[in-house]
Amino acid sequence: MVHHGRGCRTSAGAGRDRPRGGPLLVVYHAGKWGLEAFSESLAQEVAGFGVKVTLVEPGSCGTDWGGASAMRAEGKPAYQPVRQAMVSAAADMPQYDPAHVGAAILTVTDAAEPPLRVFFRSAPLAISEQVYASRLQTWRRYTAAISALAEGR
């Protein structure tokens, strides 16, 4: 029996690198990290059936993601500076028309060997390179000494 198929999930930088947005987006970021882990595991599990899984990070689209359609809890005054910084940062982000995202997704998922992860902007790649370089540096700095201690050496 021959199997094949494509799975496409929409993720975000929050699921791959350091969470941005701090205390206001903790649940969102945790969900994206979970989606990334689930999708990577799923990709390994279904690979033998010819099923390909792709995580798409479309970046900042001109949608109402954080606008009037968003449901929000009552704001706490202590978070006002964080909230304002986030709103200001979002206002400066370039946005593109989400109508074009569908064609990009179909191009990726229709590929003979679609990638596990794809970014639709250059900024996520640059951020990921910085984040992973920092992580690797930290892991290299501490792993040998901490591992030896944990092993009783």
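Residues numbered from 1 in each chain as written. Predicted model: local features only at pLDDT ≥ 70, side-chain atom pairs only at ≥ 80, totals over all residues. Heavy atoms only, no water.

Topic: the overall build of the protein chain
Scanning the protein chain from terminus to terminus reveals four helices and three strands. When the helices and strands of the protein chain are listed from N to C terminus, the series reads β-α-β-α-α-β-α. What you see for the protein chain is a C-alpha radius of gyration of 19 Å, clearly larger than the 15 Å of a compact globule of 153 residues, by over 25%. Every one of the 153 residues in the protein chain was classed for burial, and the buried ones make up 22%. Sequence separation of 24 or more characterises 75% of the internal contacts of the protein chain that already satisfy a separation of 6 or more. In the protein chain, the 16 positive side-chain charges and the 13 negative ones have mean positions that sit 5 Å from each other. (Helix = DSSP H or I, 4+ residues; strand = E, 2+ residues; numbered from the N terminus. Rg over C-alpha atoms; globule rule 2.2 N^0.38 Å. Buried < 20%, exposed > 50% of the residue type's maximum accessible area, 1.4 Å probe, protein only. Contact = heavy atoms within 4.5 Å. Lys, Arg positive; Asp, Glu negative; His and termini not counted. Charge placed at Lys NZ, Arg CZ, Asp CG, Glu CD.)

A word on the sheet that holds strand 1 (residues 5-10)
Two orientations exist for strands paired in a sheet by backbone hydrogen bonds: parallel and antiparallel. The sheet built from three strands is open, its strands ordered 1-2-3 with parallel pairing. What marks the edges here is a single partner per strand, and that holds for strand 1 and strand 3 (117-119). The sheet shows a mean angle of 25° between the axes of neighbouring strands, direction not considered. Bridging between strand 1 and strand 2 (residues 51-57) involves six bridges; their strand directions are parallel. The residue of strand 2 that forms the bridge with arginine 9 is leucine 55. Sheet contacts for helix 3 (residues 101-109): strand 1, strand 2 and strand 3; angle to strand 1, the most-contacted strand, approximately 140°. (Pairing = 2+ DSSP bridges. Axes fitted to C-alpha atoms, helices over the stretch in contact; angles between N-to-C directions.)

A word on a nonpolar patch on the surface
Taken together, the side chains of Tyr142, Ile146 and Leu149 define a hydrophobic patch exposed on the protein surface, amounting to about 340 Å² of accessible area. If you trace the backbone, tyrosine 142 turns up in helix 4 (residues 123-150). (Patch = residues over 30% accessible without salt bridge, like charges linked within 9 Å, V, L, I, M, F, W, Y side chains within 5 Å. Areas by Shrake-Rupley, 256 points an atom, 1.4 Å probe, with all protein chains shown as cover. Salt bridge = Lys/Arg side-chain N within 4 Å of Asp/Glu carboxyl O.)

Quick look at the pattern of salt bridges
Summed over the entire model, instances satisfying the criterion amount to five salt bridges. Linking glutamate 36 and arginine 117 is a salt bridge whose minimum nitrogen-to-oxygen distance equals 2.2 Å. Placement of the pair is glutamate 36 in helix 1 (residues 26-46) and arginine 117 in strand 3, with a sequence separation of 81 residues. Put simply, glutamate 151 and arginine 153 hold a salt bridge, and the shortest N to O gap is 2.4 Å. Given the relative accessible area of 53%, glutamate 151 is considered exposed. The exposed category is assigned to arginine 153, whose relative accessible area is 66%. One salt-bridge network, in which partners are shared between bridges, spans Glu36, Glu40, Glu57 and Arg117.

Here we look at the pairing of strand 2
A large share of strand 2 lies buried, amounting to five of its seven residues. Taken together, the three bridges between strand 2 and strand 3 define a ladder with parallel strand orientation. Following the sheet pairing, leucine 55 is matched in strand 3 by arginine 117.

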